[in-house]
Amino acid sequence: MSLALAPLDADVEVEANLPCRKFDPDLWFSDQPAELELAKSLCGDCPLRVECLAGAVERAEPWGVWGGEIFERGAVVPRKRPRGRPRKEDLARDAQLRVEAEARLAASGLPDSRHTVRLAA
């Protein structure tokens, strides 16, 4: 059985106050990097975060925030960059954020997440 289809924890009510249900759903699919970061932070305490992330990985979600991670073109990206050419300091920060995203994916309990999730370069 896949992690995405695993039964929910009995302590989690179906009608729980999930952030993606309480706030505007467009926030999780915004074009604005700041709004996506807000959506990621709202996912932090969600009781279904791991299941949401696992489901998004299995479905290869093309975009949006799922389980506290940003997906773009089916890959997990550490942050969404604004339009235009990136600055040199942004490239260095992206490299550090990529390492942090890999660590979060590994800590989420997904089986061998480096091979199941494609991280954008």
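Residues numbered from 1 in each chain as written. Predicted model: local features only at pLDDT ≥ 70, side-chain atom pairs only at ≥ 80, totals over all residues. Heavy atoms only, no water.

Under the annotation held in an unreviewed UniProt entry, the protein chain carries the name Transcriptional regulator WhiB and is attributed to Micromonospora sp. CCTCC AA 2012012. The heading Sequence similarities (unreviewed entry) in the UniProt record of the protein chain holds the text "Belongs to the WhiB family." What UniProt records for the protein chain under Function (unreviewed entry) is the sentence "Acts as a transcriptional regulator. Probably redox-responsive. The apo- but not holo-form probably binds DNA." (UniProt positions renumbered as here; feature names shortened; annotations may be inferred.)

A. Seen up close, the packing of aromatic side chains. Per the stated rule, a full pass over the model turns up two aromatic pairs. Aromatic side chains Phe29 and Trp63 sit 5.1 Å apart centroid to centroid with 70° between the ring planes, which places their arrangement in the edge-to-face category. Highlighted residues: Phe29 in the loop between α1 (19-22) and α2 (33-43) and Trp63 in strand β1 (residues 63-66), separated in sequence by 34 residues. The exposure class assigned to Phe29 is partly exposed, which follows from its relative accessible area of 31%. Measuring from ring centre to ring centre gives 5.8 Å for Phe29 and Trp66, while their planes differ by 75°; the resulting arrangement is edge-to-face. Note that Phe29 is positioned in the loop between α1 and α2 and Trp66 in strand β1, a separation of 37 residues in sequence. Residue Trp66 is classed as buried on the basis of its relative accessible area, which comes to 19%. Each member of the aromatic cluster is reached from another via a ring pair, and the members are Phe29, Trp63 and Trp66. For Arg59, the ring lying beneath its charged end belongs to Trp66, and the centroid distance is 5.1 Å. (Phe/Tyr/Trp six-rings, centres within 6.5 Å; stacked < 30°, edge-to-face > 60°. Helix = DSSP H or I, 4+ residues; strand = E, 2+ residues; numbered from the N terminus. Buried < 20%, exposed > 50% of the residue type's maximum accessible area, 1.4 Å probe, protein only. Lys NZ or Arg CZ within 6 Å of the ring centre and 35° of its normal.)

B. Focus on the nonpolar core. Counting residues in each nonpolar core, the largest one holds eight residues, listed as Leu27, Trp28, Leu36, Ala39, Cys43, Val65, Ile70 and Val77. In terms of residue count, the dominant contributor to this core is α2 (three residues). Contacts of Leu36, omitting those with residues within four sequence positions, involve Leu27, Trp28, Phe29, Ser30, Val65, Ile70 and Lys80. Formed by seven residues, the second largest nonpolar core is a distinct cluster that contains Leu53, Ala56, Val57 and Val76. (Core = buried A, V, L, I, M, F, W, Y, C linked by side-chain atoms within 4.5 Å. Contact = heavy atoms within 4.5 Å.)

C. The arrangement of the side chain of Ser30 in detail. Positionally, Ser30 belongs in the loop between α1 and α2. One polar contact links the side chain of Ser30 to the main-chain amide nitrogen of Gln32, over a distance of 2.9 Å. Other than its neighbours up to four places away in sequence, Ser30 contacts Glu35 and Leu36. (Polar contact = N/O pair within 3.5 Å; in protein donor to acceptor, adjacent residues only side chain to side chain.)

D. Representation of helix α4 (residues 88-107) within the structure. Spanning 20 residues, α4 covers 29 Å between terminal C-alpha atoms, matching the ideal 28 Å at 1.5 Å per step. Among the residues making up α4, those that are buried are Asp90, Asp94, Ala101 and Leu105. For α4, the buried positions fall inside an angular range of 55° around the axis, keeping them on one side. Exposed and facing more than 90 degrees away from the buried side of α4 are Lys88, Glu89, Ala92 and Ala107. (Expected span 1.5 Å × (residues − 1). Arc of directions from axis to C-beta.)

E. Spatial organisation of the pattern of salt bridges. For the structure on display, the rule yields three salt bridges. When the shortest N-O distance is used, the salt bridge between Arg73 and Glu72 registers 3.6 Å. Look at Arg73 and you get exposed, because its relative accessible area is 68%. (Salt bridge = Lys/Arg side-chain N within 4 Å of Asp/Glu carboxyl O.)

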